[in-house]
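Below are the chains, spelled out letter by letter.
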Amino acid sequence: MPKEAVKKVLPEAMITATELTKKYGDFVAVDGVNFTVRRGESFGLLGPNGAGKSTTMKMIAATSQRTGGDLVILGKDPNTQGPEIRAHLGVVPQQDNLDRELKVWENLMVYGRYFGLSRKWLKGKIEELLEFAQLVEKRNNKTEELSGGMKRRLTIARGLINEPEILLLDEPTTGLDPQARHILWDRLFRLKEQGVTLVITTHYMDEAEQLCDRLMVMDKGKIMAEGSPAELIKKYSSKEVLEVRFGSENNIVVAEKLKGIGERLEVLPDRILVYAQSGEKCLEQIVKLGLEPVTSLVRRSSLEDVFLRLTGRTLVE
Amino acid sequence: MSLDVRSETKVNWVGAAKLVDPQVSIRFGALFVAENRIRNMIKWWASILAFGIGNPSLYLLSIGIGVGTLVDSSLGPDAIDGVSYLTFLAPALLATAGIQGAMDEVTWPTLEGFVWDRTFFSMNSTAITGKQIVDGIMLAAMARCVIQVFMYELCLLAFGAITWESIPILLLVSTTAGFGFAAIMLGLSASIKDDDGMFALIGRFVITPMFMFSGTFYPITSMPIYLQWIGWISPQWHATNLGRAMSYGMPIESWLLYVHWGLMLVMAVIGITWSHRIFVKRLAK
């Protein structure tokens, strides 16, 4: 396809990072990463603690300056035009930073005022966002009286007060129970449907698979892989995974005997993972060898397997 | 409250590009921060009012009238600077009120903003800059300072310690003292990683000596020379001396007037510059 045609098809780039680097003294937190996020896309940063995803997020949020490379957000340079960029962003930080002294609706009001929005306009918007976050009944409660899930929903609602062009969510569901997580996923999916560009960091593979069109797997400040969840699984893992447990003391010994079964083996402290096109066939082969696993499970490959392959570590450690 | 997963709620969306003009926050960001601080302050209006009226009333009754009666009866009604003890004391009490009021707004709330609630980080995730947060906090602190000093003035007026005419100048002097001291305290508060008793130490080893040794209850020259330096570096003494000179006409060298104003303003400039740097650096971490 000619270059001109490509330009017309692809939505506009909202974020472009080129050799983006962040150093704290001698420590390199983000090491020359390249990526582009386009309008309407839901882009995920996946990685364990210390991978550099939160640092990358702070640079995208235009609150932490890069020390190397280039970063363009909404056509502007965050190092020199931070306030202009932040005026059009929505930020949901890892740690809720709501004002405890203020009521739920007041938290939305003061945050909206920081964007220079009028009180009159904000009154209508606040009602809409309280409805969206299902916090109408709590509008006059102080935030310290809210549950963890409610606080998280309020923080997300607050991040939407200026109708941002890009919504940045740093581990939005960490610490929430399954029901609260599903509610949040639903709300975020609705925003995506409305064309809001989402950038999400997460520990959770299911969250990444649910919410992200495209993922960047980071470890030690570098990009390990990039692509859609399906592409990453296809490229870095097999169709199925057989999980077998022989007892934590026996796994390493048994793994020696399983060599040659499936495409690849991964020995974890509590189980052995056999990557293969057919998990059932592998299990049959294991039984034929006279080995009897304590438990066995055949499942589809997931992003967890991709991460394990790329970094040798599980995501949540 | 039950959650409805199937709720069809959608939000209307014009988009920030059309909705938000960054220049509004760039120009008026400090005012928006001050608006938030004042909204927080209103939550504590009863305490502020009680402190603003109760504190001066108690002081005036115990020290001003109690000690004042003793001093006046011993030395005559115009024993110090040719005025009553209560009139002599009034500018010092106002300077204390100004400093205390402003300080309350820059110490604990700063720790709250950086450590406990991290609200400064939420402000900074909008178009608001670290410098604007500092300026907004100082504006709100000044609003509190003005209200508190003015309430104190009304009490002093009721007790006959000051005149109507002296209200504006004493308000200006006390607020300037509060501004200078609060600016330094804001920088200091922003440097504290967590509350490790620093404010208690400041209260005991800075505020109390400043109050006791800054010519509050007697002229600074009455103290031994090795204690007078505390007053010289204290905004409390500079505001007190200035207030006495400008309210009831205490004799003072004209160059000293410039020194009093200058020191309080220099404290303000140094404090704000320092606070700007610390806020910007800490918010970028």
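Because the structure is predicted, anything quoted here is derived from the model rather than measured.

Rules and cut-offs
- Residues numbered from 1 in each chain as written.
- Chains lettered and ligands numbered in written order.
- Predicted model: local features only at pLDDT ≥ 70, side-chain atom pairs only at ≥ 80, totals over all residues.
- Heavy atoms only, no water.
- 1 Å grid on protein atoms, 1.4 Å probe; cavity = no way out; pocket = protein on both sides within 12 Å on 5 of 7 lines; lining within 4 Å.
- Points joined across faces, edges and corners; volume = space filled by probe spheres on them.
- Helix = DSSP H or I, 4+ residues; strand = E, 2+ residues; numbered from the N terminus.
- Nonpolar A, V, L, I, M, F, W, Y, C, P; charged D, E, K, R; others polar.
- Domains from an automatic or database assignment.
- Core = buried A, V, L, I, M, F, W, Y, C linked by side-chain atoms within 4.5 Å.
- Buried < 20%, exposed > 50% of the residue type's maximum accessible area, 1.4 Å probe, protein only.
- Contact = heavy atoms within 4.5 Å.

Here we take up empty space enclosed by the protein. Throughout the structure, instances matching the rule amount to two cavities of 30 Å³ or more. Space inside the largest cavity adds up to approximately 60 Å³. Lining of the largest cavity is provided by Asn97(A), Asp99(A), Asn107(A), Val110(A), Tyr111(A), Tyr114(A), Arg158(A), Asn36(B), Thr119(B), Ser122(B) and Met123(B). Of all the secondary structure elements, the ones that give two or more residues to the lining of the largest cavity are helix H4 (104-114) of chain A together with helix H6 (119-124) of chain B. Looking at the lining of the largest cavity, the element that brings in the most residues is H4(A), giving four residues. Split into classes, the residues belonging to the lining of the largest cavity amount to four nonpolar, five polar and two charged. Forming the boundary of the second largest cavity are Asp99(A), Asn36(B), Arg37(B), Pro109(B), Glu112(B), Gly113(B), Thr119(B), Phe120(B) and Met123(B). If you list the elements that add at least two residues to the lining of the second largest cavity, you get helix H2 (22-42), helix H5 (108-116) and H6 of chain B. Split by residue class, the lining of the second largest cavity holds three nonpolar, three polar and three charged.

This part takes up the domain arrangement of chain A. Here the domain parsing of chain A yields domain 1 (11-88 + 164-228) and domain 2 (238-300). Of note, the centres of domain 1 of chain A and domain 2 of chain A, computed from C-alpha atoms alone, are 36 Å apart.

With 121 residues, the main nonpolar core has Leu167(A), Leu303(A), Ile133(B) and Phe279(B) as its most contacted residues. Looking at this core element by element, the count peaks at 13 residues for helix H4 (residues 85-106) of chain B. If near-sequence neighbours (up to four positions away) are discounted, Ile133(B) is found in contact with Val33(B), Phe120(B), Met123(B), Asn124(B), Ile128(B), Phe279(B) and Leu283(B). Counting 28 residues, the second largest nonpolar core, distinct from the first, contains Phe35(A), Met57(A), Leu89(A) and Ile166(A).

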